[in-house]
Protein chains: 4
Amino acid sequence: MNTFGRLLRLTTFGESHGKAMGGILDGMPPGVEINGDIIRHHLERRRPGSGEGVSKRREEDKVEILSGLTSDNITLGTPIGFIIPNTDSRSEDYDAYEGKFRLNHADYTYYKKYGLHDFRGGGRASARETVSWVVAGSIVRQWLWVSRIAIDAKYIPTLDAAQAARNGDSVGGIVNCKITGVPAGLGEPVFDKLHSRLAAAMTGINAVKAFEYGDGTRSARMKGSESADKFRIPYDPSTPFSSNHSGGVAGGISNGMQINFNVYFKPAPTIMQPMETIDTEGNPCVIPPKGRHDACVAIRAVPVVESMAALVIGDMLRLNQSYIPFEPYEE
Amino acid sequence: MNTFGRLLRLTTFGESHGKAMGGILDGMPPGVEINGDIIRHHLERRRPGSGEGVSKRREEDKVEILSGLTSDNITLGTPIGFIIPNTDSRSEDYDAYEGKFRLNHADYTYYKKYGLHDFRGGGRASARETVSWVVAGSIVRQWLWVSRIAIDAKYIPTLDAAQAARNGDSVGGIVNCKITGVPAGLGEPVFDKLHSRLAAAMTGINAVKAFEYGDGTRSARMKGSESADKFRIPYDPSTPFSSNHSGGVAGGISNGMQINFNVYFKPAPTIMQPMETIDTEGNPCVIPPKGRHDACVAIRAVPVVESMAALVIGDMLRLNQSYIPFEPYEE
Amino acid sequence: MNTFGRLLRLTTFGESHGKAMGGILDGMPPGVEINGDIIRHHLERRRPGSGEGVSKRREEDKVEILSGLTSDNITLGTPIGFIIPNTDSRSEDYDAYEGKFRLNHADYTYYKKYGLHDFRGGGRASARETVSWVVAGSIVRQWLWVSRIAIDAKYIPTLDAAQAARNGDSVGGIVNCKITGVPAGLGEPVFDKLHSRLAAAMTGINAVKAFEYGDGTRSARMKGSESADKFRIPYDPSTPFSSNHSGGVAGGISNGMQINFNVYFKPAPTIMQPMETIDTEGNPCVIPPKGRHDACVAIRAVPVVESMAALVIGDMLRLNQSYIPFEPYEE
Amino acid sequence: MNTFGRLLRLTTFGESHGKAMGGILDGMPPGVEINGDIIRHHLERRRPGSGEGVSKRREEDKVEILSGLTSDNITLGTPIGFIIPNTDSRSEDYDAYEGKFRLNHADYTYYKKYGLHDFRGGGRASARETVSWVVAGSIVRQWLWVSRIAIDAKYIPTLDAAQAARNGDSVGGIVNCKITGVPAGLGEPVFDKLHSRLAAAMTGINAVKAFEYGDGTRSARMKGSESADKFRIPYDPSTPFSSNHSGGVAGGISNGMQINFNVYFKPAPTIMQPMETIDTEGNPCVIPPKGRHDACVAIRAVPVVESMAALVIGDMLRLNQSYIPFEPYEE
């Protein structure tokens, strides 16, 4: 189940220690001009070393688009295949891990699920996977911009990441995301509500432990008299309500207000100290400390949050389009 | 998109003011005995009037199962069709609403999406819809029990619902859910992670504004050194870890520990006082107060949370089953 | 997998000997007026006794629509749930079959698949199932007519069905179907080609053994110089080609010409004589002759072919709609 | 919709004139050893120049597998990404085609669907696409062999392909496919019947105009007394029936007999003579003859038929596996 979306669909492949990551973005509408610099810009935002409290700089991620565009970089409506070579995989680093389950990683669960596991790296569970999500999201955003839909996320610091890094520790964090320009009507009741799809997308990002939209967790401690959004009088369809407790979604359908949600990240697994764990035989063992990690994964996750939001909104746009009463083509 | 699940699939229909609610549960394994009393028990837990601070008692919900069972109530592996008649729809109540958008409801967004709306009731956006979810979930649970998987949710009060009810107001609430007996290995990376599917299911429930699992939102304020689960030594596969920060899921796959998540509900729309709103022409208007509502929707949502969790776990069981290396049938 | 379609989706339930057949048609666009007489008309065409060489007259099929329509029978865009009670199931007839596999039926394969089987009737394998397909198709056709798309099938006799009936035997037959008014552009490369979806739909009908479109099987014995369709000069987009070897589909996408295909039906299982078979223990046994059957199943299948074609075309219309470049809604 | 399958899923990308073809095969069970020579063998069978009456020899197709295997070529259960570079695309050949619709190709329908088209080649409609299908199918077959399932297709000549080639013409042809070793029970009623999935898969292959299984089109001219398969007495589960009119499938579910079907191909478009057509403005124009083509596309399609059959059978195996009653893992 490495496919996300119904009509606008991203399917991905790649292990962190393998030759390449990559994906196929299927369902982009035809006629959209794609600027490679925009993809590179967002890949750069996601890259290790692009912020304080993140792991040291590595090689730039280079994406190669293999299909789906004209020679002028216009989408054809056909699937866009792409790969990002893994230039820095260094699987030799992982020899010490062979047959040992790293704590707070997915080694144990993958091994239990599939009956075998490639201990050379994080495999599909590595956050390396999100490089493909950013490529796809950065393509989709360029379509959304044509419709004046903009997606903007930001990191909300909690604990001091730089301080934690100095101690060989890590911290959690929050990413807030706002989406503007979404028309009323997106979202498919009752099982593909707009916020449900966002929740699935966001909680699928590595290290995410919670999702909330609008008033979110605070809602549980509010009264009904405090939480209703009232219509602006006179009615203004571009900003129909005078407050936004709902976070832009009512009954699972966008209401024309700004969409607003938060994503909560746990700290990255700390691996700067020897790790007491077990091996595949169930015997206790120790994994020696590894040289680098992100002090706060939420920082680099900002463009990942934006990219997954773009995939959701684009999919919902296509789904919503499909309802408009059909008229035979005029020639 | 009124279908939930990939192999174990629930498809539903029904408007709150129409003749009946109903659904088709497709993909139940054959050979499971279904006890109607268990379905009725959970319907009763969900029913208005079954707790303090909820709306007044109405007729019992009667489910009629139309297919998929032998005469001895054993599942055949074929789809289970069922209906629940709407005996208490009272659409005449709604005449005052014709063409007017109720605040904090989905009238406006449905109207914007579909271009027409049936103002006789909440339509598909009504929490009445969840009666079908409870029927389906109560069937699935009986299969899960055979495998010793148990799902148990409870309401965590926040504000005083009874007090709010007396003031014609309403309050939000939290539902905590624990799932025990889930083997390690459930969940499909990378886009159908177990907790992502739970997040989608739970946020699809009416009035839900947030989902968290394991350490949840607190994770964002924790250090890596505080949040890692360590293996129990000696290794015990039935309870492999000595703590459960992860909430039973690592890398999107169950790890053999208890699954633990919280669902946050906003207060029900307060409609015990005149509501200043607009009509479909954009003109201001007033909707008179309506006679009954739930002071806290989270109370009746407990069996709904359990039911949707059952649908997710059942689907993931079937997905995971399908990996086991194939052997030709021996005759 | 009792769901057909991607955006316009029919999910069905029901065993031939159970209380009711039924289904949920999800994804109908809003605003289409539905006339119940048209549904009844097509149900009547499908009904036993409605033609020569078919089994004796039974009660009329009565459909009850439970959701998805306004009080004026306008589609809401929400799922349309419906049931058709089984008034004539007579499961007592089937006592002689308990534990015995009828020849040329699906008893054996269902038993091998599910490990249990309800020998009271044909279960899901009965052609009774197609009553739900005709209900759904008869709704969808009313939408297609608005777009001037018409679907018209006819039975092409092969052997003499009436003569076979007198001998207690049965015959196969062919149904030809023509679809007019389909604009160029329907069909989703590369795995949801228009004709592939038609092939899947048609071969899913009981007793169908072959599907061909355009020149069909004859193509295999033609030369390239004989089989190319040439553009009409001057170009006329409403009938772009001067011949129709392609059957209205090129590269899996409709080309604006009439869509034309044939469906081949095998004879109904003959059961007017004692049937030598085995039981679930593998022991030889005999099933006594049964009193009625269709001499030619293709005759009653005509509206079923049309209905499944309507579901395919409607689904493809919605899929194709979803590509049209998005414009923000003007208010 | 460039994805085929439900649990075993192939998603593809690539235009014939682009940099590479490729795909992602998702859902292979873990633990299967993959031999690259077998993939190369089937690619060689599909390659131009590998038989009489096919176009002249080009470079070998080289597949690069980028993920999903251990260093020992054992499947991990994760998606298998692969690419096949287009070394022989020669898009300069196509300059003469700019803006002109080739007859009997999909240029016109793609242009009508997407509103733009890349006239440098056949794009997604080119049979070049099937190179990815053969890669995927050749991987899946190695899993099926472990379960003793074998797929074997052969070309059945109709007209003389070599003679046609000498005249600059082309001929149609038939491919017969037999699948042995399939246990009873595969196929998902009622809309994913085994033969319906095969029909969809086969008619999706370029130039296919008809599909039949078992008695096929002949069934329409048979009597019921001639077409029933009788159980072998004494019962032998490995070959349960004494004839195979059904082609190995009853009620959409495999019955343990050999699966047997035919696929009918039309002749390749003849392009050895000037082609009178129109351009995107609707004006008449001429396309000059092109230097090479297949005299009979059915010859090279044999491994494509086998590959798509493997994808269907593998998917149905996983679907069927998922029913087996769940037992908690023993440790």
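Residues numbered from 1 in each chain as written. Chains lettered and ligands numbered in written order. Predicted model: local features only at pLDDT ≥ 70, side-chain atom pairs only at ≥ 80, totals over all residues. Heavy atoms only, no water.

1. Considering the overall build of chain A
The number of helices and strands found in chain A is seven helices and 13 strands. Taken against the 2.2 N^0.38 rule, which gives 20 Å for 331 residues, the C-alpha radius of gyration of chain A at 21 Å falls within 12% of a compact globule. For chain A, the proportion of its 331 residues judged to be buried stands at 67%. Taking the intrachain contacts of chain A between residues at least 6 apart in sequence as the baseline, contacts between residues at least 24 apart amount to 69%. Of the roughly 10800 Å² of accessible surface on chain A, a fraction of 48% belongs to carbon and sulfur atoms. (Helix = DSSP H or I, 4+ residues; strand = E, 2+ residues; numbered from the N terminus. Rg over C-alpha atoms; globule rule 2.2 N^0.38 Å. Buried < 20%, exposed > 50% of the residue type's maximum accessible area, 1.4 Å probe, protein only. Contact = heavy atoms within 4.5 Å. Areas by Shrake-Rupley, 256 points an atom, 1.4 Å probe, with all protein chains shown as cover.)

2. Topic: the sheet that holds strand S1 (residues 3-4) of chain D
All names here are of chain D. Here we have five strands laid out as an open sheet, ordered S1-S2-S3-S5-S4, and antiparallel in their pairing. Each having just a single partner strand, S1 and strand S4 (64-65) make up the two edges of the open sheet. Here S4 pairs with strand S5 (residues 80-85) via two bridges, running antiparallel. Across the sheet, the residue bridging to Ile65 is Phe82, located in S5. (Pairing = 2+ DSSP bridges.)

3. Things to note about the state of the cysteines
All names here are of chain B. Following the criterion strictly, the structure yields zero disulfides over all chains and no others. Here Cys296 is not cross-linked by a disulfide; its sulfur's nearest cysteine counterpart is in Cys177, at 17 Å. Residue classification places Cys296 among the buried positions, given a relative accessible area of 0%. (Disulfide = S-S within 2.5 Å.)

4. Quick word on the environment of Gly173(D)
Inspection of the secondary structure puts Gly173(D) in strand S7 (residues 173-180). The class for Gly173(D) is buried, based on a relative accessible area of 0%.

5. Quick notes on the interface of chain B and chain A
Size of an interface, as often reported, equals the accessible area lost when the parts are brought together. Taken together, the contacts link 93 residues of chain B with 94 residues of chain A. Summing both sides of the interface, chain B and chain A together bury roughly 7300 Å²; the carbon and sulfur share of this comes to 64%. When the buried area of chain B at its contact with chain A is split by residue, Met1(B), Phe191(B) and Lys209(B) rank highest and sum to 12% of it. Our enumeration of links across chain B and chain A arrives at two salt bridges. For Lys113(B), the salt bridge goes to Glu188(A), with nearest N and O atoms at 2.8 Å. Our count for the chain B to chain A interface comes out at 44 residue pairs in polar contact (both at pLDDT 80 or more). Sheet topology note: the strand S8 (residues 208-213) of chain A/strand S8 (residues 208-213) of chain B ladder contains three bridges and is antiparallel. The partner of Phe211(A) across the bridge, within S8(B), is Phe211(B). (Buried area = accessible area lost by both parts, 1.4 Å probe. Salt bridge = Lys/Arg side-chain N within 4 Å of Asp/Glu carboxyl O. Polar contact = N/O pair within 3.5 Å; in protein donor to acceptor, adjacent residues only side chain to side chain.)

6. Section: the relation of the copies chain B and chain A
When chain B is brought onto chain A, the operation consists of a screw motion whose angular component is 180° and whose axial shift is 0.0 Å, with 0.0 Å RMSD remaining. Here the transformation between the copies is reduced to the relation of a two-fold axis. An overlap of 100% is found between the interface residues of chain B and their copies at the interface of chain A, pointing to a shared contact surface. (Least-squares fit on C-alpha atoms with pLDDT ≥ 70 in both.)

7. Observations regarding the pairing of strand S3 (residues 20-26) of chain B
Regular strands place their side chains on alternate faces of the sheet. Residues and elements named next belong to chain B. Among the seven residues of S3, seven are classified as buried, and the element is accordingly described as predominantly covered. The alternating pattern of S3 places Ala20, Gly22, Ile24 and Asp26 and Met21, Gly23 and Leu25 on opposite faces, both of which are buried. As paired strands, strand S2 (residues 9-13) and S3 are joined by five bridges and run antiparallel to one another. Residue pairing for S3: Thr11 is matched across the bridge by Ile24. Connecting S2 to the next strand, S3, in antiparallel fashion are six residues, including Gly14 with a positive phi near 125°. Alignment of S3 against strand S5 (residues 80-85), held across six bridges, turns out to be antiparallel. What sits directly across from Met21, in S5, is Ile84.

8. Re helix H2 (residues 107-114) of chain A
Along an α-helix, residues three or four apart share an orientation, since each turn contains 3.6 residues. Along H2(A), six of the eight residues are buried, which leaves the element largely enclosed by surrounding structure. Those residues of H2(A) that fall on the buried side of the exposure criterion are Asp107(A), Tyr108(A), Thr109(A), Tyr110(A), Lys113(A) and Tyr114(A). Packing partners of the buried residues in H2(A) comprise strand S9 (249-250), strand S10 (253-254) and helix H7 (297-321) of chain B. Backbone geometry just after H2(A) places Gly115(A) at a positive phi near 80°.

9. Remarks on the packing of aromatic side chains
Within this structure, the stated rule accounts for 58 aromatic pairs over all chains. Ring plane angle 85° and centroid distance 5.7 Å describe the contact between Tyr108(C) and Phe241(D), whose orientation is recorded as edge-to-face. Of the two residues, Tyr108(C) is situated in helix H2 (residues 107-114) and Phe241(D) in the loop between helix H6 (224-227) and strand S9 (249-250); the pairing between them involves two chains. Taken individually, Tyr108(C) and Phe241(D) each receive the classification buried, so the pair is uniform in this respect. Seen from their ring centres, Phe101(D) and Phe119(D) are 6.1 Å apart, and the 45° between their planes marks the pair as tilted. Taken together, the residues span a long stretch of sequence, with Phe101(D) in the loop between S5 and helix H2 (107-114) and Phe119(D) in the loop between H2 and helix H3 (130-146) at a distance of 18 residues. (Phe/Tyr/Trp six-rings, centres within 6.5 Å; stacked < 30°, edge-to-face > 60°.)

10. Topic: the nonpolar core
The nonpolar side chains of soluble globular proteins are, as a tendency, buried together. Core analysis: the largest hydrophobic core is formed by 280 residues, its most contacted members being Phe261(A), Phe261(B), Phe261(C) and Phe261(D). Those residues within four positions of Phe261(C) in sequence are excluded, and the remaining contacts are Val175(C), Asn176(C), Cys177(C), Ile179(C), Leu198(C), Met202(C), Phe211(C), Glu212(C), Tyr213(C), Val305(C) and Ala309(C). (Core = buried A, V, L, I, M, F, W, Y, C linked by side-chain atoms within 4.5 Å.)

11. What about the sheet that holds strand S6 (residues 150-156) of chain A?
Across the sheet, which stays open at both edges, the eight strands sit in the order S6(A)-S7(A)-S11(A)-S8(A)-S8(B)-S11(B)-S7(B)-S6(B) with antiparallel pairing between neighbours. With partners counted over all chains shown, the strands left at the sheet margins are S6 of chain A together with strand S6 (150-156) of chain B, one partner each. For this sheet, the mean angle separating the axes of adjacent strands, direction not counted, is 15°. With seven bridges joining them, S6(A) and strand S7 (residues 173-180) of chain A adopt antiparallel strand pairing. Bridged to Asp152(A) within S7(A) is Lys178(A). The sheet contacts of helix H5 (residues 194-203) of chain B involve S8 of chain A together with S8 and strand S11 (259-265) of chain B, and relative to S8(B) the element is tilted by about 160°. (Axes fitted to C-alpha atoms, helices over the stretch in contact; angles between N-to-C directions.)

12. Remarks on helix H1 (residues 36-46) of chain A
Residues and elements named next belong to chain A. Among the residues of H1, those classed as buried are Ile39, His42, Leu43 and Arg46. Axial view of H1: buried residues confined to an arc of 105°, hence all on one face. Here the buried face of H1 lies against strand S4 (64-65), helix H3 (130-146) and helix H7 (297-321). Residue Asn35 occupies the N-cap position of H1, its side-chain oxygen lying 2.8 Å from the main-chain nitrogen of Asp37. (Arc of directions from axis to C-beta.)

13. Details of the confidence of the model for chain A
Residue and element names in this part refer to chain A. Mean pLDDT over chain A: 90, with 91% of residues reaching 70 or higher. Long-range and interchain partners of residues 326-331, a stretch whose pLDDT sits below 50, account for 11 contacts in this model, where long-range means more than four residues apart. For this predicted complex, the interface confidence score (ipTM) comes to 0.95, while the overall pTM stands at 0.96. (pLDDT = per-residue confidence, 0-100.)

14. Description of the pattern of salt bridges
Two side chains carrying opposite charge are able to pair once their charged atoms lie near each other. Residue and element names in this part refer to chain A. This model, assessed by the stated rule, comprises 56 salt bridges over all chains. In this structure, Glu306 engages Arg45 in a salt bridge whose closest nitrogen and oxygen atoms are separated by 2.6 Å. Linking Glu306 in helix H7 with Arg45 in helix H1, this pair joins segments that are 261 residues apart in sequence. In this structure, the salt-bridge partner of Arg197 is Asp315, at a minimum N-O distance of 2.8 Å.

15. Points about the packing of helix H5 (residues 194-203) of chain A against H5(B)
Contact geometry for H5(A) and H5(B): axes closest at 8 Å, N-to-C directions at 160°. Relative to H5(B), H5(A) is oriented roughly antiparallel. With respect to the hand of their crossing, H5(A) and H5(B) are arranged in right-handed fashion. Here His195(A), Ser196(A), Ala199(A), Ala200(A) and Thr203(A) of H5(A) lie close against H5(B), whose contacting residues are His195(B), Ser196(B), Ala199(B), Ala200(B) and Thr203(B). Looking at the contact of H5(A) with H5(B), its residues break down into four nonpolar, six polar and no charged. (Parallel < 35°, antiparallel > 145°, perpendicular 65-115°, else oblique. Left-handed = near helix turned anticlockwise from the far one by under 90°. Nonpolar A, V, L, I, M, F, W, Y, C, P; charged D, E, K, R; others polar.)

16. Things to note about the packing of helix H1 (residues 36-46) of chain B against H7(B)
All names here are of chain B. With their axes 7 Å apart at the nearest point, H1 and H7 run at an angle of 140° to one another. As judged from the angle between their axes, H1 and H7 are oblique. Listed contacts from H7 to His42, Arg45 and Arg46 of H1 are Arg300, Val302, Pro303, Val304 and Glu306. Among the residues making up the contact of H1 with H7, the classes are represented as three nonpolar, one polar and four charged.

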